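The residues making up each chain are set out below.
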Amino acid sequence: MNQNTDMYGHYAGFVSRLFAFVLDVIILVVAMTLITWLITSINLLFNFEIVLGKDLLPIVLTTLLTFGVYVGYPVLFWTLIGKTPGMTVMGLRVVTTDGQYLSLGRSIRRLIGYVISAMPLFLGFLWILVDDRRQGWHDKIAGTCVVYAWRARPDETFFRKLLES
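Throughout what follows, the structure given in this document is the object of discussion. (Residues numbered from 1 in each chain as written. Predicted model: local features only at pLDDT ≥ 70, side-chain atom pairs only at ≥ 80, totals over all residues. Heavy atoms only, no water.)

Right, let's get into the overall build of the protein chain. Per the secondary structure count, the protein chain includes 8 helices and 2 strands. Within the protein chain, the proportion of its 165 residues that are buried is 30%. Long-range contacts, defined as pairs at least 24 residues apart, comprise 69% of the intrachain contacts of the protein chain with a sequence gap of at least 6. Only carbon and sulfur atoms are counted for the fraction: they give 72% of the accessible area of the protein chain, which is about 10600 Å². (Helix = DSSP H or I, 4+ residues; strand = E, 2+ residues; numbered from the N terminus. Buried < 20%, exposed > 50% of the residue type's maximum accessible area, 1.4 Å probe, protein only. Contact = heavy atoms within 4.5 Å. Areas by Shrake-Rupley, 256 points an atom, 1.4 Å probe, with all protein chains shown as cover.)

See below:
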């Protein structure tokens, strides 16, 4: 492979995107675990079950926060900086098909597209494997694509050097 070839701006592959998604899920699970623990602790400390009934407040707050976090996390990151923390670690960025940042509406359409992509046995996500532009159904619905955001050559050897030292 040509030494001067770099991946910047190339369509991101399935595995890179999958790892970014898994990292984001881990972040969300840890955050929601901490939030749930905090809500439960506050409820126990102040005895809110006397006013609202046993365990009602933690259930309602946790449900609302879970929905808000799982919807808000990707939408806000895609809209504000074009990538989630998982995408940042993997060197990815989501852009419109003409290379622009996503608007709030386009980010919401992309998130709705996630649900549609997942419905038929995750076929919409597997579509990334066969599409020339590596677009899943959610990307097609929102008019987006995911590209590499780092200037890294595909034949990078820094891991080998790291192992040798």
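Further remarks concern the pattern of salt bridges. With the rule as written, the count across this model stands at 3 salt bridges. Of the charged contacts, one joins Arg110 and Asp139 as a salt bridge, the two residues approaching to 2.8 Å between their closest N and O atoms. With a gap of 29 residues between them, Arg110 in helix 5 (residues 104–118) and Asp139 in helix 7 (residues 137–142) connect regions that are remote in the sequence. Take Arg110 and Asp139: they sit in the same class, and that class is buried. Through salt bridges with shared partners, a single ionic network connects Arg17, Arg110 and Asp139. (Salt bridge = Lys/Arg side-chain N within 4 Å of Asp/Glu carboxyl O.)

Here the focus is the nonpolar core. One finds Ala12, Ala20, Val75, Trp78, Met87, Leu92, Val94, Leu102, Leu111, Val146 and Tyr148 forming the largest nonpolar core, which totals 11 residues. Of all the secondary structure elements, the ones that give two or more residues to this core are helix 3 (56–80), strand 1 (92–96) and strand 2 (144–148). Other than its neighbours up to four places away in sequence, Val146 contacts His10, Tyr11, Ala12, Arg17, Met87, Leu92, Arg93, Val94, Arg110 and Asp139. (Core = buried A, V, L, I, M, F, W, Y, C linked by side-chain atoms within 4.5 Å.)

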